[in-house]
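Reading the structure
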Amino acid sequence: MIYRVGQIMLYVHNQDQAVDFWKNIMGFTVKSEETNDQGMRWIEIAPTKEAETSIILHNKEFVANMSPGLNLDTPSLMFFSENLEEFRNELLNKGIKVGEMVHMPSGSVFNFADNEDNYFAVMEKSKK
C-alpha cells in the first residue's frame, strides 16, 4: 500500500540550467546528484533538505532514447507558499513569467514558468 509520494520525475532539456533555475530563482536545495555507469544523470531537488517529496531532474533526450514511448510531459504540480502576493512579486522582480492571481474557494493561486516554459502553480497555504 502506498503511504506517501516520494519523488516526482521532471524531464528537462538542460539539467544544469534547470538546477540553476530551481536553486537560484526558486530557492530549492539540491539533495543529491548521481550519474550511473550508463551515463544517466539525475539531480534530486526539494524546497528543503527535510522535505519528504522531492523532484528528480532527468535529461529528457537521454530518457527518451532509453525508454521510447515513455510519457515525458511536464507533470502538473501545485506548490504551497505562505505569503503568496509577496512570493509572486519576488518572482516578477526576478524576471520570471508569472500568471495573474486567481481566487478560488480553496485559496488564492498563481502560476509561473520555469526556464523551459513549463508551468507550475502556487497556492497560498499555511505551514500549520
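Attention here is on the structure that accompanies the text. (Residues numbered from 1 in each chain as written. Predicted model: local features only at pLDDT ≥ 70, side-chain atom pairs only at ≥ 80, totals over all residues. Heavy atoms only, no water.)

**Re the sheet that holds strand 7 (residues 107-113)**
Ordered in space as 5-8-7-6, the four strands form an open sheet in which the pairing is mixed. In this open sheet, the two strands that pair with only one neighbour each are strand 5 (78-81) and strand 6 (102-104). Sheet twist, expressed as the mean angle between neighbouring strand axes with direction ignored, is 35°. As judged from the three bridges shared by strand 6 and strand 7, these two strands associate in the antiparallel manner. From the neighbouring strand, Met104 faces strand 7, where its bridge partner is Gly107. Contacts from helix 3 (residues 84-93) reach strand 5, strand 7 and strand 8 (119-124) within the one sheet, and its direction differs from that of strand 7 by about 15°. (Pairing = 2+ DSSP bridges. Helix = DSSP H or I, 4+ residues; strand = E, 2+ residues; numbered from the N terminus. Axes fitted to C-alpha atoms, helices over the stretch in contact; angles between N-to-C directions. Contact = heavy atoms within 4.5 Å.)

**Side note on the sheet that holds strand 1 (residues 7-12)**
Spatial ordering of the open sheet is given by 1-4-3-2, a layout of four strands whose pairing is mixed. Both outer strands of the open sheet, strand 1 and strand 2 (29-35), are each paired with one neighbouring strand and no more. Direction aside, the axes of adjacent strands within the sheet are offset by 25° on average. Summarising the sheet, strand 3 (residues 41-46) and strand 4 (residues 54-59) pair through four bridges and their orientation is antiparallel. Of the residues in strand 4, the one forming a bridge with Trp42 is His58.

**Here we look at the environment of Met40**
If you trace the backbone, Met40 turns up in the loop between strand 2 and strand 3. On a C-alpha basis, the gap between Met40 and Phe62 in space is 7.1 Å, while along the polypeptide they are 22 residues apart.

**Considering unusual backbone geometry**
With a phi angle near 65°, Asp117 is a residue other than glycine that sits in the positive phi range. With respect to the secondary-structure elements, Asp117 resides in the loop between strand 7 and strand 8. Note on Asp117: relative accessible area 40%, which makes it partly exposed. (Buried < 20%, exposed > 50% of the residue type's maximum accessible area, 1.4 Å probe, protein only.)

**Brief notes about helix 1 (residues 15-25)**
Taken together, the buried positions of helix 1 are Gln15, Ala18, Val19, Phe21 and Trp22. Here the buried residues of helix 1 occupy an arc of 160° about the axis, which is enough to place them on one side. One side-chain oxygen at the N-terminal end of helix 1 lies 3.1 Å from the backbone nitrogen of Asp16; it belongs to Asn14. Downstream of helix 1 by a residue or two, Gly27 has a phi angle that is positive, lying close to 80°. (Arc of directions from axis to C-beta. Polar contact = N/O pair within 3.5 Å; in protein donor to acceptor, adjacent residues only side chain to side chain.)

**Remarks on helix 3**
Turning to helix 3, its buried residues are Leu84, Phe87, Arg88 and Leu91. For helix 3, the angular spread of buried residues about the axis comes to 100°, placing them on one side. Along helix 3, exposed side chains directed more than 90 degrees from the buried face belong to Glu86 and Asn93. Buried residues along helix 3 sit in contact with helix 1, strand 5, strand 7 and strand 8.

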